[in-house]
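Listed here are the chains, written in short residue letters.
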Amino acid sequence: MHFSKTYTQLLLTLPPELRESAIQYRQLKKLINQIVAELTALGLSPDVLHQVIQPPDVVGEKGKQRADLKPTYPLTGSCVIYELANVADHVEPRLRLRLDSSDDSPPPGVPGPSSPSTSEQLISLPIPQELILTALGSSLSQHRSSADLHDPPDRERAPPSHAGELPVELIIPLVSDTAFFRTLTEALEALASYLVAKQTEFEFTLRVLSQDISSAARPSSHSATFHPHSPYSSDPTNISVSSHALAITSRSDLDTWRQIFQLYMEADIFQGHQETFRGERDVDDAEARLTTFSSDLKDRISKGALKLRMKRSRVALTKFLELNMFILDLRKFQHVTTEATRKILKKHAKRTALPLAPALTSPFIVRSHNHDRPRNNDPSSLSLLLVQALTETLLPIIPHLDDYSCVICTSLAFKPIRLHCSHLFCVRCLVKLQKQGEQHCPICRAPTVLSADRSNVDWALLNFMKDWFPIEAKKKLQQNEREAAEEEMHELGLDVRGCTIM
């Protein structure tokens, strides 16, 4: 299937607003046909230029390059130069035809060929003498007036050596090629502006969504009065989670959103963070992972494993999935548009035999809000920026359990003990270390374990865990109490597991 049809079919899978901003591939193909016709009228048809760029006699059997083969025609200093000059607000492609004398130096009194500005891209194509003479002879009469009108006033043009001779240099603007690059450049600039606007809209929607999730997943004791710690009256062994806190939790979707974000991080939809794969995922893989993530969420909600009690949470979840779908559509759009730009430039070079313009191969330039400079020239930079904004804005709203776990038991470090070396452990694990006579911190090996006491309780972190991890804190308290009872029975010489009631 031709790329033009494939391109059209891929665009139909995207939202209408993205389709309307796509590059008009078929229109650019028609302009390439006009360029070919214009070059043919100049006597420099693509067939002629193809022979100049790659002489057929230089290639040996089976397409292998042979050093002993030489072109059949003598190469002279004559050449055709393809320029992409910056004129006003657009790029003007033109041909500079040079016909030098037999030696490399210009005739006496004749200035040498003008050097192009740094904004021009010059590609010198060595042309056989007879082809240059044919091209100049066929196009001089019909393009002299056009060249004089389009050339800048200060253009250096070499006069003839003597009366009746052809000029040493002739500049011919390519009208159809100018229309091609103007159409492509305007489309890419409009596309860049559109993407900047969509980025601003995405970031605004993201801020609103973060406020909605924060309100729906508020901590359990958000309105409770904080009681500071007193070293003379507080006892870490008597700390418990109040039933009032758990009652408020039932009216919050804190635990549900924590599970949703946990599933989202494990899905690694757009970027891999595991040891088996790190980096950006391709479009097909990202689409499959997003579909799996969405289906898993719907199944869990329908079966009651995930309960969104608040209407605000249900609306926020829908918006969260829509933002991820937008990023996926943007990735598709960027991929297909970048491929269309590459294909059309390659077709331009192949059909016209004119060199490729490398400066126009990066269509997606995401600019900062003040439009002073590009953020990144990577074609896929915008989608990566949106993924980064999504994860950095939403995921930190809900504290992650792994960030507050004990490194020994790997569960929540409730009743946290912060040693003098600043490392944190749950009280049960620290008691076990002290009973074993271990005085060195398991992380930094500092001798801080045996000196820890009630003053090492991190009361601020304890209240934070009671707010944000009420369910996990309750489970950890029950586990600690059960282990403490078993240890006490074991010290008394009683086997709890072997005890039977008569």
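How each quantity is defined
- Residues numbered from 1 in each chain as written.
- Predicted model: local features only at pLDDT ≥ 70, side-chain atom pairs only at ≥ 80, totals over all residues.
- Heavy atoms only, no water.
- Salt bridge = Lys/Arg side-chain N within 4 Å of Asp/Glu carboxyl O.
- Helix = DSSP H or I, 4+ residues; strand = E, 2+ residues; numbered from the N terminus.
- Buried < 20%, exposed > 50% of the residue type's maximum accessible area, 1.4 Å probe, protein only.
- UniProt positions renumbered as here; feature names shortened; annotations may be inferred.
- Patch = residues over 30% accessible without salt bridge, like charges linked within 9 Å, V, L, I, M, F, W, Y side chains within 5 Å.
- Areas by Shrake-Rupley, 256 points an atom, 1.4 Å probe, with all protein chains shown as cover.
- Lys, Arg positive; Asp, Glu negative; His and termini not counted.
- Charge placed at Lys NZ, Arg CZ, Asp CG, Glu CD.
- Core = buried A, V, L, I, M, F, W, Y, C linked by side-chain atoms within 4.5 Å.
- Domains from an automatic or database assignment.
- Contact = heavy atoms within 4.5 Å.
- Axes fitted to C-alpha atoms, helices over the stretch in contact; angles between N-to-C directions.
- Parallel < 35°, antiparallel > 145°, perpendicular 65-115°, else oblique.
- Left-handed = near helix turned anticlockwise from the far one by under 90°.
- Nonpolar A, V, L, I, M, F, W, Y, C, P; charged D, E, K, R; others polar.

As recorded by an unreviewed UniProt entry, the protein carries the name SPX domain-containing protein and is attributed to Trametes gibbosa.

Asker: Can you help me understand the pattern of salt bridges in this one?
Answerer: Two side chains of opposite charge can pair, provided their charged atoms sit close to one another. This model, assessed by the stated rule, comprises 14 salt bridges. The shortest N-O distance in the salt bridge between D253 and R309 comes to 3.8 Å. Taken together, the positions of D253 in the loop between α7 (243-249) and α8 (254-267) and R309 in the loop between α9 (283-303) and α10 (311-352) put the pair 56 residues apart, joining distant regions of the chain. On the accessibility criterion, D253 (0% relative accessible area) is buried. R309 gets classed as partly exposed once you look at its relative accessible area, which sits at 46%. Across the salt bridge formed by D285 and R289, the nearest N and O atoms sit 3.3 Å from each other. With D285 and R289 both in helix α9, this residue pair falls 4 residues apart, about one helical turn. A relative accessible area of 29% places R289 in the partly exposed class.

Asker: In this structure, what is going on with the UniProt feature "domain: RING-type" (unreviewed entry) in the protein? I would like to understand it.
Answerer: Within this structure's numbering, the places UniProt gives as "domain: RING-type" (unreviewed entry) are residues 406-445. Secondary structure content for residues 406-445 is 22% helix and 15% strand, and the end C-alpha separation is 16 Å.

Asker: Looking at this structure, I do not really get a positive patch on the surface. What am I missing?
Answerer: A surface patch of like charges, here positive, comprises K5, R26, K29, K30 and R351. At 3 residues, the largest contribution of residues to the positive patch is made by helix α3 (residues 25-41). Along the polypeptide, K29 turns up in helix α3. Among the residues examined, K29 registers a relative accessible area of 31% and is labelled partly exposed.

Asker: I keep staring at the environment of V80 and nothing clicks. Help me out?
Answerer: Looking at where V80 falls in the secondary structure, it is placed in strand β1 (residues 75-87). Counting along the chain gives 90 residues from V80 to L170, while the straight-line C-alpha distance between them is 9.7 Å.

Asker: What is the right way to read the nonpolar core from this model?
Answerer: Looking at soluble globular proteins, one finds that nonpolar side chains tend to be buried together. By size, the foremost hydrophobic cluster in this structure holds 103 residues, and its most contacted members are L95, F180, W257, F293 and F320. Composition of this core by domain shows at least three residues from each of domain 1 (1-56 + 76-101 + 128-137 + 166-219 + 252-369 + 379-398) and domain 2 (402-494). Excluding residues that lie within four positions of it along the chain, F180 makes contacts with L28, L31, I32, I35, I344, L345 and H348.

Asker: Help me out: how do you make sense of the packing of α3 against helix α6 (residues 175-216) in this one?
Answerer: Angle between the axes and distance between the axes are the two parameters that describe a pair of packed helices. Axis separation between α3 and α6 bottoms out at 8 Å; the angle between their running directions is 160 degrees. Here α3 is positioned roughly antiparallel relative to α6, judged by the angle of their axes. Crossing handedness for the pair α3 and α6: left-handed. Note on element contacts: α6 touches α3 through V175, S176, D177, A179, F180, T183 and L184, opposite Q27, L28, L31, I32, Q34, I35 and E38. Class assignment for the residues of the contact of α3 with α6 results in 8 nonpolar, 4 polar and 2 charged.

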